[in-house]
Amino acid sequence: MNIIYTDSLVIGGGLAGLRVAIAAKQRGYDSIILSLVPAKRSHSAAAQGGMQASLGACAKGEGDDEDIHFEDTVKGSDWGCDQDVARMFVNTAPKAIRQLSAWGVTWSRVRGGDEEVIIDGSKQIITEKHEAHGLITARSFGGTQKWRTCFTADGTGHTMLYTMGNKATQMEIPVHERKEAIALETGIAALGNMEAVQFHPTGIVPVGILAGEGCRGDGGLLRDRNGYRFMPDYEPDKKELASRDVVSRRMIEHIRKGKGVQSPYGDHLWLDISLLGSKHIEKNLREIKEICEYFLGIDPVSEYIPVRPTQHYAMGGVRTKATGESPTLKGLFSTGEAACWDLHGFNRLGGNSVAETVVAGMIVGEFVADYCAASSLTISTATIEHFMNREEKKIGDLLTREYGENPFRLKAEMQKIMMDKVGVFRNASELEQPVDGLKTLNQRAKNIALRNKTSSASPELVEAIRVPKMIKLALCVAYGAMLRTESRGAHAREDFPERNDRDWLKRTLTSWEDDDADLPKVTYEALDAMKMELPPGGRGCGEDKTIHHPDTEKRVAQIEKIKNANKKADRFEMQELLNPTSIPEKFKGKNERIGRGYK
């Protein structure tokens, strides 16, 4: 038995994992990264649109700062996020993006002078300040008050991942490929908000690849079967740039009214970026253009793109404290999409996810290093051997079982259940069906048998190991959705259309303590309205149907009293009075912006 020792073990070689490993290494602690694929092939590379950070350099971003980014993030989360985490995030994001620039990310830049852009379907001229020429620019994204999403054309994740991968290589951080782990399997680590699943509005039909938010951020429009632009009818203020959960629901509503385009792959709508022009598309949306050409045989410069909402992102994940550490399993930290650090609550803003990977990696990486400095670990080789033998037995049972379930068929059935019944809109009757169906699949998954009896280079064995875990995660999503009798962010219950702060201003916690159980254990963690820097309110889209928490009005009055008693306080002092937040010392400094310095 070969035992490898390291100070920190990082599971996942995407942007978040790489950044945590770099942070620990910078503090003098060794890290080993386990990754399913080579680090530079991690899914972070697929992020197209950009990374949010309140630099305020471009004309349409002027006046932006941490406070506005914080407000957008909290509203976007439908008041489901951890506001301490949101504040840490927005204060650190500008530092992260400038550090990435120094490491080699080729961010698109401001060009001083007049520029023609498409805003709300029409051509406009904006004038960029010559003194801002060469600074990092930004584009518009859904749910934001300012142009804040910094980008490298539409290949932002690719450039960020390669830069981060190069930095890890430079620091001699080893990556061990073809490895994985899942926190739910411990029976100890709790998952948070697993029912919070985001559907991206513009999945390309039929391939399911995204036409990123940069398409709509740069001025693209959504049209129906008649070529009619319908979003202003539903969301007159934000239109195509409402939050993703809102746009996805409006698209499904419009399709239900018979306005979708019929196709062999189901009804869809159109994304029109042709009005942006060939020059803009080939420069800033070239990846989208290539996807359309390769997978659809169309040219989006002159043709509409068929789109409909598709499952995209999980706001839920391993529940952590603001430090990134699991409150139930000491020494387990989680960041990025794997975590419920709870920056996003029940809906995340576009651009906040790829930003979270790096910013959380920076912040949590410091807390990981602190943990390494303060902790020692003694582990018996007998314990290692016990778990190794347990896993070897599971694999051996799969290889020797003569008759049983096909893992590929189980996976396909699970996927159909989730897409058909746990989608953009949810209701009690449809949620009971998938829970029952997934419980049956969970039992069937205990009896998987393989046709290929080899233990090496076997995709069937890989699926046999993964699929039972996938079914358990699917049950966490469906069961949590069935229990949450309200609508919040991406969790939209047609039978409970109100956001119910009175009864549901709380985070769902899910764990699987008994491996033989049909369902996970579900508990809840209350969010304290009396500690919120921004008390619950309306999101500014659609009709406000909120059932208010009794503490909301008290907190609003309390904040007003604090402001009246401290009228000379600047915005930094006021933020500390309303929500003192612990940020690692190296990231506490103020962020500089053109035209306003550090104010």
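Just above sits the structure.
Here the structure is a predicted model, which means the values were calculated and not measured.

Student: Is there a simple way to explain the overall build of the protein in this structure?
Tutor: Assigned secondary structure in the protein consists of 17 helices and 18 strands. Whereas a compact globule of 599 residues would reach a radius of gyration of roughly 25 Å, the protein reaches 24 Å, a difference of no more than 12%. Each of the three principal axes of the protein carries a C-alpha extent, and together these read 70 × 60 × 50 Å. Looking at the protein as a whole, 53% of its 599 residues qualify as buried. Expressed as a percentage of contacts within the protein between residues at least 6 apart in sequence, the contacts between residues at least 24 apart total 73%. Total accessible area computed for the protein in this model is approximately 26,200 Å², and 50% of it derives from carbon and sulfur atoms.

Student: Just checking my understanding: could you explain the sheet that holds strand β18 (residues 521–526) for this structure?
Tutor: What links the strands of a sheet is backbone hydrogen bonding, and the strands pair in either a parallel or an antiparallel sense. Taken in spatial order, the 5 strands make up an open sheet running β14-β13-β8-β17-β18, and their pairing is mixed. The open sheet has two edge strands with one neighbour each: β14 (339–340) and β18. Both strand β8 (residues 191–192) and strand β17 (residues 506–511) contribute to a ladder of 2 bridges, which runs antiparallel. Looking at the pairing, Leu 191 lines up with Thr 510 of β17.

Student: For this particular structure, what's the right way to read unusual backbone geometry?
Tutor: Most peptide bonds take the trans form, and the phi angle of most residues other than glycine is negative. A cis geometry characterises the amide bond from Val 205 onward to Pro 206, with omega recorded as 5 degrees. For Pro 206, the location among the structural elements is in the loop between β9 (197–204) and α5 (214–217). Even without glycine at this site, Asp 78 takes up a positive phi of about 60 degrees. Relative to the helices and strands, Asp 78 is located in the loop between α2 (66–76) and α3 (83–103).

Student: Hey, could you run me through the side chain of Asp 64 in this one?
Tutor: Inspection of the secondary structure puts Asp 64 in the loop between β3 (51–52) and α2. The buried category is assigned to Asp 64, whose relative accessible area is 1%. Among residues more than four places away in sequence, those in contact with Asp 64 are Ser 54, Gly 56, His 69, Lys 146, Arg 148, Arg 593 and Arg 596.

Student: Just checking my understanding: could you explain the sheet that holds β9 for this structure?
Tutor: Pairing is antiparallel across the open sheet formed by 4 strands, whose spatial order is β9-β12-β11-β10. Every interior strand has two partners, whereas the edge strands, β9 and β10 (221–223), have only one. Across the sheet, the mean angle from the axis of one strand to that of its neighbour is 45 degrees, orientation sign disregarded.

Student: I would appreciate a short explanation of the nonpolar core in the present structure.
Tutor: Here is a general trend for soluble globular proteins: nonpolar side chains tend to be buried in one another's company. By size, the foremost hydrophobic cluster in this structure holds 66 residues, and its most contacted members are Met 51, Leu 100, Trp 107, Met 160 and Trp 341. At the level of secondary structure, the elements contributing two or more residues to this core comprise α1 (15–26), α2, α3, α4 (156–170) and α10 (352–374). The biggest single contributor to this core is α10, with 12 residues. When neighbours within four sequence positions are excluded, Leu 100 is seen to be in contact with Met 51, Val 105, Trp 107, Met 160, Thr 163, Met 164 and Val 358.

Student: Sorry if this is basic, but what is going on with the pattern of salt bridges here?
Tutor: Any two side chains of opposite charge can pair, so long as their charged atoms come close to each other. All told, the structure shown has 54 salt bridges when counted by the stated rule. Among the charged side chains, a network of salt bridges with common partners joins Asp 78, Glu 195, Asp 245, Arg 249, Arg 484, Glu 486, Arg 488, Arg 499, Asp 501 and Arg 539.

Student: Looking at this model, I keep getting lost on the pairing of β9. Mind explaining?
Tutor: Consecutive side chains of a regular strand alternate in pointing toward one face of the sheet and then the other. The buried fraction of β9 is high, at 8 of 8 residues. Looking at chain direction, β9 and strand β12 (residues 305–314) are connected through 6 bridges and run antiparallel. Counterpart to Ile 204 in the pairing with β12 is Val 307.

Student: Which parts of the structure should I look at to understand the packing of aromatic side chains?
Tutor: Given two aromatic rings, one states the distance between the centres and the angle between the planes to describe the pair. One pass over the full model with this rule turns up 4 aromatic pairs. Seen in terms of ring centroids, Trp 270 and Tyr 304 are 6.0 Å apart; in terms of plane orientation they differ by 50 degrees. Their pairing is tilted. Of this pair, Trp 270 sits in strand β11 (residues 269–272) while Tyr 304 sits in the loop between α9 (286–296) and β12; the two residues are 34 residues apart in sequence, bridging distant segments of the chain. Here Tyr 304 falls in the partly exposed class, since its relative accessible area comes to 32%. The positively charged end of Arg 87 is found above the aromatic ring belonging to Phe 70, 4.6 Å away from the centroid.

Student: How do you make sense of the pairing of β12 when you look at a structure like this?
Tutor: Relative to β12, β11 is paired through 3 bridges, and the arrangement is antiparallel. Note on β12: the bridge partner recorded for Leu 271 is Ile 305.

Student: When you look at a nonpolar patch on the surface in this model, what are you seeing that I'm missing?
Tutor: On the surface, Val 207, Tyr 294 and Phe 295 cluster together into a nonpolar patch covering about 340 Å² of accessible area. With respect to the helices and strands, the residue Val 207 is situated in the loop between β9 and α5. Given a relative accessible area of 34%, Val 207 falls into the partly exposed group.

Student: Whenever I open this one, the side chain of Ser 44 confuses me. Can you help?
Tutor: Position of Ser 44 relative to the elements: it lies in the loop between β2 (31–35) and β3. Judged by its relative accessible area of 17%, Ser 44 is buried. When residues no more than four places from it in sequence are discounted, the contact partners of Ser 44 are Gly 14, Leu 15, Gly 157, His 158 and Leu 161.

What counts as what
- Residues numbered from 1 in each chain as written.
- Predicted model: local features only at pLDDT ≥ 70, side-chain atom pairs only at ≥ 80, totals over all residues.
- Heavy atoms only, no water.
- Helix = DSSP H or I, 4+ residues; strand = E, 2+ residues; numbered from the N terminus.
- Rg over C-alpha atoms; globule rule 2.2 N^0.38 Å.
- Buried < 20%, exposed > 50% of the residue type's maximum accessible area, 1.4 Å probe, protein only.
- Contact = heavy atoms within 4.5 Å.
- Areas by Shrake-Rupley, 256 points an atom, 1.4 Å probe, with all protein chains shown as cover.
- Pairing = 2+ DSSP bridges.
- Axes fitted to C-alpha atoms, helices over the stretch in contact; angles between N-to-C directions.
- Core = buried A, V, L, I, M, F, W, Y, C linked by side-chain atoms within 4.5 Å.
- Salt bridge = Lys/Arg side-chain N within 4 Å of Asp/Glu carboxyl O.
- Phe/Tyr/Trp six-rings, centres within 6.5 Å; stacked < 30°, edge-to-face > 60°.
- Lys NZ or Arg CZ within 6 Å of the ring centre and 35° of its normal.
- Patch = residues over 30% accessible without salt bridge, like charges linked within 9 Å, V, L, I, M, F, W, Y side chains within 5 Å.

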